[in-house]
Amino acid sequence: MKREDIRNIAIIAHVDHGKTTLVDELLKQSGVFRANQEVAERVMDSNDIERERGITILSKNTAVYYKGTKINIIDTPGHADFGGEVERVLKMVNGVVLVVDAFEGSMPQTKFVLRKALELNLPVIVCINKIDRPEARPNEVIDEILELFMDLDASDEQLDCPFVYASAKAGHAVLDMTDEAKDMTPLFETILDYIPAPEGDPEAPTQVLISTIDYNEYVGRIGVGKVDRGTIKVNQEVVLVNHHEPEKQKKVKISKLYEFDGLSKVEVQSATIGSIVAISGIADLHIGDTLCAQEDVDAIPFQKISEPTIAMHFMVNDSPLAGKEGKYVTSRHLRDRLFRELNTDVSLRVEETETTEAYKVSGRGELHLSVLIENMRREGYEFAVSKAEVLYQKDERGKLLEPMELAYVDVPEEFSGTVIQKLSLRKGELQGMSIAGGGYSRLEFSIPARGLIGYRGEFLTDTKGNGILNTTYDGYGPYKGDIQYRKQGSLIAFESGESVAYGLFSAQERGTLFIGAGEKVYAGMVIGQNGKAEDIELNVCKSKHLTNTRASGSDDSLKLTTPRVLSLEQALEFIDTDELLEITPESLRIRKKILDPTMRKRSARK
């Protein structure tokens, strides 16, 4: 049986191509909001960090009605670091809308998400977005997309996909560039015509695959998935199984069942094939689990989530200023919070170390881990993290392998030489170079993931903020040799106290300062970057000795340069292997792992 009253789609695209804005318009034009209701922009980006950075981190479910048909929509992230989210949710849908920027065209993540959709044989609607951009080039972009389909070995049916031209911001779509633009109706119609209705037998034994986990302090874990077979009811007893863990079999009861309607969840008593449901009341529910009827226990196959490639150590803060600014500071707090994150983030791994004070946290990239750090910081946690390191593997012959990335760089032509030189020093190999239009060159590199650690800040400086760097994971390759990360050393505080203008004045001649006057410092804390390669210890707490002949007022004429205040990402990029970043809700401080100067020198000699 087909359920013609339902369509399940995912919106997939490269970062910043307008997925969330498109979903906003579909919600508005389907009548989800009242006529006079105030609606925030990018309403699906509900998390604070998503709103501030303008990126989607977690996939979100919503549903709209069009001509009596319920369209379940999943908004997915575009960043490579959150690719795990995209892989999972595609199991819930019957087709995808691929959004492509009318100027940028096919980008690394466009290829990644399209490959995942084609592997699952999902029909694709291509939506060329931002057609009202002055530099839009829709016809060339169509050719790029068709080439991409061919590169990914798409079938004839997949190649014969419909194209829709839209401006999500202006709220309209057309099927032909010469048509008059009114509203989103052409896109709605294309979804109904081209995306197949879900099929199945509503009388068969129940089967639901859990593709996403939501977490709520009050009800605990909430599993979201599509009803693949049969009907699921409140108070029904089902068996919990997992395709990758055959020994896992557990009887559980469905205590509450919800369906999506607009931006809210609506409680329902039962749901049948094709419905996307949220289930609460099952404590031990994980992504990839299948809920089956007791008389027919059969787990649905589920692709393994890509493994993490980068790791950091999260540890209890033990600096002289520890415990003064955070609310949660103990190792128990840290452990509970990290393991709680595993409830919703499948791409993350948390391992205990020899000491109870530190945990090894592995993720898909620097952005992935920095979002976790920022969330914890805002919740009142205080802790320290080490420099990000890549996770190595060994092949059958014992040779060392490391994670590789494909880096796509769009830069103004005058900066391409500098970028090529810098990435070559970081073991990057130039694979291709083309003209991207508008005076820009597009460079393609194959580079070890560790070669990109700490590079983004330097890249923005080198290209005067005009370069765009996109990366995508490219499997493991042979180890490329040592890379020297940082050419400059650190300026280190020599004693504890409060920084004074007089001490900082003499320190600023040695390099760039990270702190201003009147800030708390301690011995071993990094207060700036040295212009030369070695570390230097400086006393920034020393004030001028006053005598009868020297007036204290002459200090007022000391001119201090403005300190360089590092953001979380910049600080994570800056720290070296012998340093830590101390993170509190109020401050970010860089420090040496070993604070005592004598012990530090002794350890360096070893």
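Going by what an unreviewed UniProt entry lists, the protein chain is known as Large ribosomal subunit assembly factor BipA and is assigned to Robinsoniella peoriensis. According to the UniProt record, the Subcellular location (unreviewed entry) comment for the protein chain is "Cytoplasm".

Counted according to the given criterion, the structure contains 6 aromatic pairs. Consider the rings of Tyr66 and Phe188, whose centres lie 4.7 Å apart with planes at 5°: the pair is stacked. In this pair, Tyr66 is assigned in strand S2 (residues 60-66) and Phe188 in helix H7 (residues 185-194), connecting sequence segments 122 residues apart. For the pair shown, Tyr66 and Phe188 are each scored as buried.

On to a negative patch on the surface. Judged by side-chain charge, Asp143, Glu147, Asp151 and Asp153 come together as a negatively charged surface patch. Note that Asp143 resides in helix H5 (residues 138-151).

A few words on H5. For H5, built from 14 residues, the straight-helix expectation of 20 Å at 1.5 Å per residue is met to within 8% by its first-to-last C-alpha distance of 20 Å. Pro138, Val141, Ile142, Ile145, Leu148 and Phe149 are the residues of H5 that are buried. One face of H5 carries all of its buried residues, which in axial projection span an arc of 120°. Those residues of H5 that are exposed and angled more than 90 degrees off the buried face are Asn139, Glu147, Met150 and Asp151. Contact partners of the buried residues in H5: strand S4 (95-101), helix H4 (108-119), strand S5 (124-129), helix H6 (156-159) and strand S6 (163-167).

Once that is clear, we can look at the pattern of salt bridges. Applying the stated criterion across every chain, the model contains 28 salt bridges. With a closest N to O distance of 2.8 Å, Arg378 and Glu374 form a salt bridge. With Arg378 and Glu374 both in helix H9 (residues 366-378) and 4 residues apart, this pair spans about one turn of that helix. Arg378 sits in the partly exposed class, given a relative accessible area of 40%. The class of Glu374 is buried, set by a relative accessible area of 11%. Where Lys592 meets Glu579, a salt bridge forms, and the shortest distance between an N and an O atom there is 2.9 Å. Taken together, the residues Lys592 in strand S35 (residues 588-592) and Glu579 in strand S34 (residues 579-583) connect sequence positions 13 residues apart. Judged by relative accessible area, Lys592 falls into the buried class, the value being 1%. The class of Glu579 is buried, set by a relative accessible area of 0%.

Here is what the cut-offs are and how they apply
- Residues numbered from 1 in each chain as written.
- Predicted model: local features only at pLDDT ≥ 70, side-chain atom pairs only at ≥ 80, totals over all residues.
- Heavy atoms only, no water.
- UniProt positions renumbered as here; feature names shortened; annotations may be inferred.
- Phe/Tyr/Trp six-rings, centres within 6.5 Å; stacked < 30°, edge-to-face > 60°.
- Helix = DSSP H or I, 4+ residues; strand = E, 2+ residues; numbered from the N terminus.
- Buried < 20%, exposed > 50% of the residue type's maximum accessible area, 1.4 Å probe, protein only.
- Patch = residues over 30% accessible without salt bridge, like charges linked within 9 Å, V, L, I, M, F, W, Y side chains within 5 Å.
- Areas by Shrake-Rupley, 256 points an atom, 1.4 Å probe, with all protein chains shown as cover.
- Salt bridge = Lys/Arg side-chain N within 4 Å of Asp/Glu carboxyl O.
- Lys, Arg positive; Asp, Glu negative; His and termini not counted.
- Charge placed at Lys NZ, Arg CZ, Asp CG, Glu CD.
- Expected span 1.5 Å × (residues − 1).
- Arc of directions from axis to C-beta.
- Contact = heavy atoms within 4.5 Å.

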